[in-house]
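One-letter residues, chain by chain:
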Amino acid sequence: MAERAGRRWAISLAWSAVLLDGFDLVVLGTVLPVLLDTKEWGLNPASATAVSTFGLVGMTIGALTIGALTDVIGRRKALVLSVTSFSVLTLLCAFAPSVFMFGLFRFLAGIGLGGCLPTAIAIVNEHARSGKAGSATTTVMTGYHVGAVLTALLGILVIPDLGWRAMFIIGAAPAVVLVPLMIKYLPESATLTRERTAFGTITSLFQGKYLRSTLAFCVASFMGLLLVYGLNTWLPQIMRSAGYELGAALALLLTLNVGAVVGLLVAGAVADRAGVRRPTILWFICAAVFLAVLSVKMPQFGAYVAVFITGCFVFSAQVLVYAYIGRTYVDDNRATALGLAAGIGRLGAISGPIVGGALLDAGVAYPWGFYVFALVGAFGAIAVTLAKSTAAKLTSQQPSQVEPADDRGGDTNRQLGV
């Protein structure tokens, strides 16, 4: 009973932390129109782009550093540290006196946010029920999209009456409840029993059986987040270039993200039944196919269906990469591997909007933008095929012990230390 309660607390608290990460995905986009209209601090499109990029760079650094720190100090401390730091710095954004300080606070908050996601996924992998780690990983990532949707709705309700600064105060407020709950109820990894160093943990990812998989996952994560951020940034404008009205183009973006939530739930269930390797490859292939299909002008209903299906595959393909990492590495270096992949993926997140913007500037975003994104999806599929199909044994075993995976989520293997 106590074990079941600990599992529920671990997954619920990790989901809540990821929801706050989803808040950050959208909050800047909700306040930027106001900041630009009022010319707050003399903000212009160029400086607004710089602020957005600073946040992403901070997330990259956070994923790369806190992921490794997590495997040294433990999941619990790392997640509490991440949530506390980005919440405090998000609050400071509300009182920024200049665009420089606003960008600095966004950068520093990004470091905590970057460490939040890999740590939360590592916690979920360790505490999911046997044979359910795939669906647990994808389910916790629904928090990301729920946070994004709630933030967009909050922006509509809050900004007209309370102003843009209120958004950052609201975004920081949940930590007042969440952090004490984490301190009291979030269990620590059962394997944090011996001295470790961050350097040793990082180097283990590039040795022996892990080297090829580490490189493959980094490439796949880069491609996956390039698609996620590229499409979220430019899909409405690309669809407008194709002749769709603005209202329809924005509705298609909403449809894309609704498809993402559905795709995450389906992908997790499939990964639990069929193993994570083949679904990850298949999801990237399907993402590439449907992205190419979007290059064909079709009736509006057909466009909604195609975009919905594309969302199902694009977003969950990236999350399945995280689930596959959970199956490949052991407790000693799993969070570091997740952090490395997420950090390299953030570089893809920075590249996605740049690629889409360059195609729009060149006047070839439609249809060639979809062809380019389809090619990115194909590269992601190829990268995943190069990863070795191995899985960690029970956490009660020595972390160095690894067995070949039958790559199914069955109880007999007791994979992922759950």
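What counts, and where the lines are drawn
Residues numbered from 1 in each chain as written. Predicted model: local features only at pLDDT ≥ 70, side-chain atom pairs only at ≥ 80, totals over all residues. Heavy atoms only, no water. Core = buried A, V, L, I, M, F, W, Y, C linked by side-chain atoms within 4.5 Å. Buried < 20%, exposed > 50% of the residue type's maximum accessible area, 1.4 Å probe, protein only. Contact = heavy atoms within 4.5 Å. pLDDT = per-residue confidence, 0-100. Helix = DSSP H or I, 4+ residues; strand = E, 2+ residues; numbered from the N terminus. Polar contact = N/O pair within 3.5 Å; in protein donor to acceptor, adjacent residues only side chain to side chain. Phe/Tyr/Trp six-rings, centres within 6.5 Å; stacked < 30°, edge-to-face > 60°. Salt bridge = Lys/Arg side-chain N within 4 Å of Asp/Glu carboxyl O.

1. Focus: the nonpolar core
Counting 122 residues, the largest nonpolar core has L79, V83, F102, M141, M182 and L291 as its most contacted members. With residues up to four places along the chain from it excluded, the contact list for F102 reads L28, L35, W41, V51, C93, A96, W164 and F168.

2. Some details on the confidence of the model for the protein
Across the protein, the average pLDDT comes to 81, with 86% of residues at 70 or higher. Element-level mean pLDDT values for the protein span from 37 in strand β2 (residues 402-404) up to 94 in helix α11 (residues 277-293). Across residues 391-418, where pLDDT falls below 50, the model places 75 contacts with residues more than four positions away in sequence or in other chains.

3. Considering the side chain of N333
Structurally, N333 is set in the loop between α12 (300-328) and α13 (334-361). Of the residues examined, N333 reaches a relative accessible area of 2% and is grouped as buried. In this structure the side chain of N333 is engaged in a polar contact, spanning 3.2 Å, whose partner is the side chain of S204.

4. Comments concerning the packing of aromatic side chains
All told, the structure shown has 13 aromatic pairs when counted by the stated rule. Relative to F102, the ring of W41 lies with its centre 5.2 Å away and its plane at 40°, an arrangement referred to as tilted. Placement of W41 in the loop between α1 (2-38) and α2 (45-73) and of F102 in helix α4 (residues 99-127) is noted, with a sequence separation of 61 residues between them. Each ring, one from F290 and one from F313, has its centre 6.0 Å from the other, and the planes form 10°; the classification is stacked. With F290 in helix α11 and F313 in helix α12, the pair connects residues that are 23 residues apart, well separated along the chain. Feature note: the residues W41, F102, W164 and F168 constitute an aromatic cluster, connected by ring pairs.

5. A word on the pattern of salt bridges
Enumeration over the complete set of coordinates arrives at two salt bridges. A salt bridge links D21 to R346, with the shortest nitrogen-to-oxygen separation between them at 3.9 Å. Note that D21 is positioned in helix α1 and R346 in helix α13, a separation of 325 residues in sequence. Here R346 falls in the buried class, since its relative accessible area comes to 3%.

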